[in-house]
Amino acid sequence: MFKRIFQYLFFIIILYSYLFNPYPIRGGLIKLLYPLICFIPFIGGAKFLIKKNWDFLGLLFSVFLYSFFVYIFGGQNIYVNNLINIVEYFFIPIMIVIIFDKYFTGYKLIDFILLVSLIASCISIFLILNPEINFVLRSIVSRGITDVSEVTRRSYGFSQFLLFTYPLFLGVIVGYLILFGKLIHYILIVIFLIPIAFNARTGFFPIIFSILFLFIFNKNNRGEIINKMLYFILLGFIFNYLIIYVSNEFPETIEWLNEGLTEVTSINNNRSGTIYTLINDMFFFPDSILEFIFGTGHDIYLASNNSDIGYINQIWFGGFLYMFLLLLVYLHIFKKIARSIPLKYSGMLFLTLLIANFKGNGFYSNELTRFLFLLFFYIQFNNRRDFALN
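Analysis parameters
Sequence positions are assigned chain by chain, starting from 1 and proceeding in written order. Confidence filtering applies because this is a predicted model: local features only for residues at pLDDT of at least 70, side-chain atom pairs given and counted only at 80 or more, and all residues used for totals across whole chains, interfaces and linings. Calculated side-chain values reflect all of the structure's heavy atoms, with hydrogen atoms and water omitted. Side-chain atoms within 4.5 Å are what join buried Ala, Val, Leu, Ile, Met, Phe, Trp, Tyr and Cys residues into a set we call a nonpolar core. When accessible area is computed with a 1.4 Å probe and restricted to protein chains, residues below 20% of their type maximum are described as buried, those above 50% as exposed, and intermediate ones as partly exposed. Numbering goes from the N terminus for both helices and strands, where a helix is a DSSP run of H or I of at least four residues and a strand is a run of E of at least two. When a carboxyl oxygen of Asp or Glu lies within 4 Å of a side-chain nitrogen of Lys or Arg, that pair is called a salt bridge. Angles shown run from 0 to 180 degrees and are taken between the N-to-C directions of axes, each axis being a line fitted to C-alpha atoms and, for helices, limited to the stretch in contact. Convention used here: angles under 35 degrees read as roughly parallel, angles over 145 as roughly antiparallel, angles from 65 to 115 as roughly perpendicular, and any remaining angle as oblique. Take the far helix as the reference: if the near one is turned anticlockwise from it by less than a right angle, the crossing is left-handed, and if turned clockwise, right-handed. The contact rule is simple, with two residues in contact once any of their heavy atoms fall within 4.5 Å. Pairs of N or O atoms within 3.5 Å make up the polar contacts considered here, provided that, within protein, one atom can donate a hydrogen while the other can accept it, and that residues adjacent in sequence are counted only when both atoms are side-chain atoms.

Undergrad: What am I meant to see in the nonpolar core here?
TA: Nonpolar side chains in soluble globular proteins tend to end up buried together. The biggest cluster of nonpolar side chains holds 105 residues, and the ones touching the most others in it are Leu 19, Ile 113, Tyr 330 and Phe 373. Top element by residues in this core is helix α15 (residues 310-337). It accounts for 14 residues. If you look at the next biggest cluster of nonpolar residues, it comprises eight residues, including Leu 127, Ile 128, Tyr 156 and Ile 194.

Undergrad: Explain the pattern of salt bridges to me, please; I cannot follow it from the model alone.
TA: A pair can form between side chains of opposite charge whenever their charged atoms are brought close. With the rule as written, the count across this model stands at one salt bridge. Residue Glu 88 is joined to Lys 31 by a salt bridge in which the shortest nitrogen-to-oxygen separation is 3.3 Å. Remark: Lys 31 occurs in the loop between α1 (2-20) and α2 (44-52) and Glu 88 occurs in helix α4 (residues 79-103); sequence separation between them is 57 residues.

Undergrad: What is the right way to read the packing of helix α10 (residues 205-217) against helix α16 (residues 343-359) from this model?
TA: Angle between the axes and distance between the axes: these two values describe a pair of packed helices. Where α10 contacts α16, the axes come no closer than 9 Å and their chain directions differ by 150°. One way to sum up the angle between α10 and α16 is to call them roughly antiparallel. Here α10 runs over α16; the crossing is right-handed. Contacts between α10 and α16 pair Phe 205, Pro 206, Phe 209, Ser 210, Phe 213 and Phe 217 from the former with Leu 343, Lys 344, Gly 347, Met 348, Leu 351, Thr 352 and Ile 355 from the latter.

Undergrad: So what exactly am I meant to see when it comes to the side chain of Thr 165 here?
TA: Mapping Thr 165 onto the fold places it in helix α8 (residues 165-180). Side-chain polar atoms of Thr 165 contact the side chain of Glu 367, separated by 2.5 Å. With residues near it in sequence (within four places) discarded, Thr 165 still touches Asn 366, Glu 367 and Leu 368.

Structure representation (structure tokens):
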């Protein structure tokens, strides 16, 4: 019994460290998983996945080589991050899938992902309710954030990118529950919505996509749609109560959410705000065609005339070719997983990734992309008996 409990706890810690990669140590807890790749040569299932994905590994290596050549010719040192991405995107998720298959036969990996996501959300809610503890935690894991008031206002949780891809990933989890969940799962949605509301409004995008796809792909199943709508109404009552509580206890968060709604509904007239800034002030390219194609060797994230947009920074660093290489990596993933999961979910994931790379460097290692890579290898290994093993 104790052995089984230890196995559960051990795997939950591994999965949480991989997906959320919090930063109590330099580089995040994911660095503690690096030794796992030493066992790959001795595990048949791991060798199967590597052999099956030589072309994909080559694609990841091409991204590394491109950034390395940019560095040789005087560019930024981004190639190291791309080398690390090979470990975090390829070898570690393979080992997690192998460990799961060995010790949890008969279980679904998505159930464990839901569990660690629920744990992460509960941590966020605890920190929201205990701002003093949150301030101490932020001071420990903060990676050079200087605006303390901004950190304590909307940075709640134990994850890598609390104001960026953490809410997007939780939105993807909510999307899964909307598309495939039952009543009990809809109650859990409220727990996921709270960290999204307090950390970043962009986390609502995958939820919106999921609701739209629910009606588009289930239009012939009126019974299911009616049931889902009843769940939404119940969820609305619960969330309305929470909004009233939040408006009394955290008025600045309600104000921030209202600002986001105003930005979305009046982009043409609103001359301030995040969306207007991204579209109008941060959307610009290198001057020459040559630099547009091959880049300048430097992104502009920290430049005086800067941009947060991932596509723009990738073009400035390595040109359209570099951005296209990164996009090819994810197109390869979606081409594979679209064969095994419903289009309404894979489509939502793809749109969410595109949004992520618009809001920031969403193509780099983060909560959302690591989830995609884990899903990618899990689906292949779960269907491995459909292929001949040589």
